[in-house]
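Structural characterization, general
Letter by letter, the chains look like this.
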Amino acid sequence: MTRLLLALAGVVLLAVTALAAVWLLGQLLTGLGLFIVGAAGVLGRLLWFLLITGVLAGVVYFVASAWRPSVRAPVRPFRAQPEARRPASGSPKRGRAGQPVAPAPVSPTPAGPGSVSAAPTPPTPAETTPAEAAPTGAVESGPATSGPVRSGG
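Residues numbered from 1 in each chain as written. Predicted model: local features only at pLDDT ≥ 70, side-chain atom pairs only at ≥ 80, totals over all residues. Heavy atoms only, no water.

Before going further, it helps to spend a moment on the overall build of the protein chain. Counting its secondary structure elements, the protein chain contains one helix and zero strands. The burial tally for the protein chain puts 0% of its 153 residues in the buried class. (Helix = DSSP H or I, 4+ residues; strand = E, 2+ residues; numbered from the N terminus. Buried < 20%, exposed > 50% of the residue type's maximum accessible area, 1.4 Å probe, protein only.)

Among the surface-exposed residues, Leu25, Leu29, Leu32, Phe35 and Ile36 lie close enough to one another that they form a single nonpolar patch of about 540 Å² accessible area. Structurally, Ile36 can be placed in helix H1 (residues 2-67). (Patch = residues over 30% accessible without salt bridge, like charges linked within 9 Å, V, L, I, M, F, W, Y side chains within 5 Å. Areas by Shrake-Rupley, 256 points an atom, 1.4 Å probe, with all protein chains shown as cover. Salt bridge = Lys/Arg side-chain N within 4 Å of Asp/Glu carboxyl O.)

So, on to H1. A rise of 1.5 Å per residue sets the reference length of H1, with its 66 residues, at 98 Å; its end C-alpha atoms lie 97 Å apart and thus fit the reference within 8%. Counting buried residues along H1, only zero of its 66 residues qualify, which leaves the element largely exposed. (Expected span 1.5 Å × (residues − 1).)

Structure follows, in structure tokens:
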């Protein structure tokens with residue numbers, strides 16, 4: 001009789017253990033399912049974001065390309081405005097050929113043994129020449145070559 005009771009207790013214990021294992025496996029599968037569903041939701045939203053962003057970026061690129069065409073229009077010729085140039089106060093004076101004008105030679109004044117220094121003499125002004133007449137015709141210039149230029153291909 002003892003063997004029968006021990007066998008019956010073993011079967012009940014085995015059934016309870018199997019039931020606990022099935023319950024634990026169900027919990028694990030439920031957690032795994034929730035993780036998969038959550039990841040699918042996040043990836044789905046990411047896909048929608050990337051699609052909308054790609055479409056909007058394409059629209060922006062198209063509008064920007066249409067707003068600034070790739071072929072430049074010809075530029076109006078530049079007309080030089082005559083202006084009276086005055087040398088800057090700190091820059092050296094320049095002559096007609098663009099060379100610096102040498103100051104007029106100043107004779108040294110002998111300083112006596114008791115004198116401290118002689119008073120400085122101001123330099124003589126350089127000869128001024130009348131400004132050359134500026135061209136009155138328009139200066140022709142070709143198409144603008146500065147800046148990026150797109151090719152048509």
